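Given next are the chains, with one letter for each unit.
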Amino acid sequence: MKIVLLSGSKVGSKTRTAIDYTKKAITEEYPDAQTSLIDLAEYDVEFSDGRNYLEYEGDTGYITKTIMEADAVIIGTPIFQASIPATLKNIFDLLPVDALQHKVTSILVTAGSPKHYLIAENQLKPILGYMKAQIVQTYVFVEEQDFHRKEIINDDVLFRIDRLVEDTVVLTETYTKIREEKEAAYGF
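Description of the structure in this document. Chains are numbered independently. Their residues run from 1 in the order of the written sequence. Totals for whole chains, interfaces and linings use every residue, but because this is a predicted model, local features are given only for residues with pLDDT of at least 70 and side-chain atom pairs only at 80 or more, for both listing and counting. Side-chain metrics in this entry use all non-hydrogen atoms of the structure; hydrogen atoms and water are not considered.

## What to know about the pairing of strand β4 (residues 104-111)
Piece 1. Using a 1.4 Å probe on the protein chains alone, a residue whose accessible area is under 20% of its type maximum counts as buried, one over 50% counts as exposed, and one in between counts as partly exposed. Starting at the N terminus, helices and strands are each numbered in turn, a helix being any DSSP run of H or I of at least four residues and a strand any DSSP run of E of at least two. Burial runs high along β4: 8 of the 8 residues are buried.
Piece 2. In β4, alternate side chains face the same way, and those of V104, S106, L108 and T110 on one face and T105, I107, V109 and A111 on the other are all buried.
Piece 3. Whether two strands pair depends on DSSP finding at least two bridges between them. Of the pairings in the sheet, the one linking strand β3 (residues 72-78) to β4 comprises 7 bridges and is parallel in character. The residue bridging V73 from the neighbouring strand is T105, located in β4.
Piece 4. Orient the strands so they point away from the viewer; a crossover is then right-handed if the path from the first strand over the helix to the second runs clockwise. You can see the chain leave β3, run along helix α3 (residues 86-94) and come back into β4, and the turn it takes is right-handed.
Piece 5. By the bridge criterion, 2 bridges tie β4 to strand β5 (residues 134-135) in an arrangement that is parallel. Directly across from V104, in β5, lies its bridge partner Q134.
Piece 6. Taken together, the 4 bridges between β4 and strand β6 (residues 140-143) define a ladder with parallel strand orientation. Paired with V109 across the two strands is F141, which belongs to β6.

Listed below in structure tokens is the structure:
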């Protein structure tokens, strides 16, 4: 199983901190899973110009191809100005409309205010649904107060991330098995 963890911002450290913990949880609980962490702060990504994702080279090509080859994607995003960052939206724009078909997609949100809780529900889930993702319905919302010195200090948040990892893996295994059985029934 290939799992991509996507930290969707070029600035700040909270989303990366939460994604790092998520990656650690996957590695400890599911050591056979192949994980790739993509932190957009570490890459030089081109703006989408409508080309096929296979035509992009360099960092942009690497990111789009890595996402396309994944079985599951865990998206970490901060909330800026009551919205997802443009860097994350650009990644979606680089991919084809059905890029997330047959992929389980999970969401982890970091925000400075509880007022931003529904941003994932109102902005991110519709994009993922349009791209045909199998969305883990519950997502993890982490507030400013849950961090201290680049560590998550709220045990409930850590528990919810562990549960998100479990739900992502279980749903990925389940959807994969169902798809394989359905394809085998065709007999060709």
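## Here we look at the nonpolar core
Piece 1. Counting 34 residues, the largest nonpolar core has I63, I67, I91, F92, L124 and L128 as the members making the most contacts within it.
Piece 2. Broken down by secondary-structure element, the contributors of at least two residues to this core are β1 (2-7), α2 (58-68), β3, α3, β4 and α4 (119-130).
Piece 3. Here the element with the most residues in this core is α4; it accounts for 5 residues.
Piece 4. Contacts: residue pairs with any heavy atoms within 4.5 Å of one another. Residue contacts for I67: discarding those within four places in its chain leaves V4, L6, V73, I91, L95, L100 and K103.
Piece 5. Among buried residues, the Ala, Val, Leu, Ile, Met, Phe, Trp, Tyr and Cys ones that are joined through side-chain atoms within 4.5 Å form a nonpolar core. In this structure, A33, L158, I161 and V169 belong to the second largest nonpolar core, which totals 23 residues.

## Looking at the packing of aromatic side chains
Piece 1. Stacked, edge-to-face and tilted are the three classes for Phe, Tyr and Trp ring pairs, Trp counted by its six-membered ring, which pair at centre distances within 6.5 Å; planes under 30 degrees apart are stacked, over 60 edge-to-face, the rest tilted. For the structure shown, the criterion picks out 3 aromatic pairs.
Piece 2. Centre to centre, the rings of Y43 and Y62 are 5.9 Å apart; their planes meet at 20°, and the pair counts as stacked. Here Y43 is found in the loop between β2 (34-39) and α2, whereas its partner Y62 is found in helix α2, with 19 residues between them in sequence.
Piece 3. The class of Y43 is buried, set by a relative accessible area of 17%.
Piece 4. Here the aromatic residues Y117, Y139 and F141 are joined through ring pairs into a cluster of three or more.
Piece 5. Stacked on the ring of Y56, the Lys or Arg R51 has its end atom at 4.1 Å from the ring centre. Criterion for a charge above a ring: Lys NZ or Arg CZ within 6 Å of the ring centre, and within 35 degrees of the ring normal.

## Considerations on α3
Piece 1. If you check which residues of α3 are buried, you get L88, N90, I91, F92 and L94.
Piece 2. Buried-residue contacts for α3 involve β1, α2, β3 and α4.

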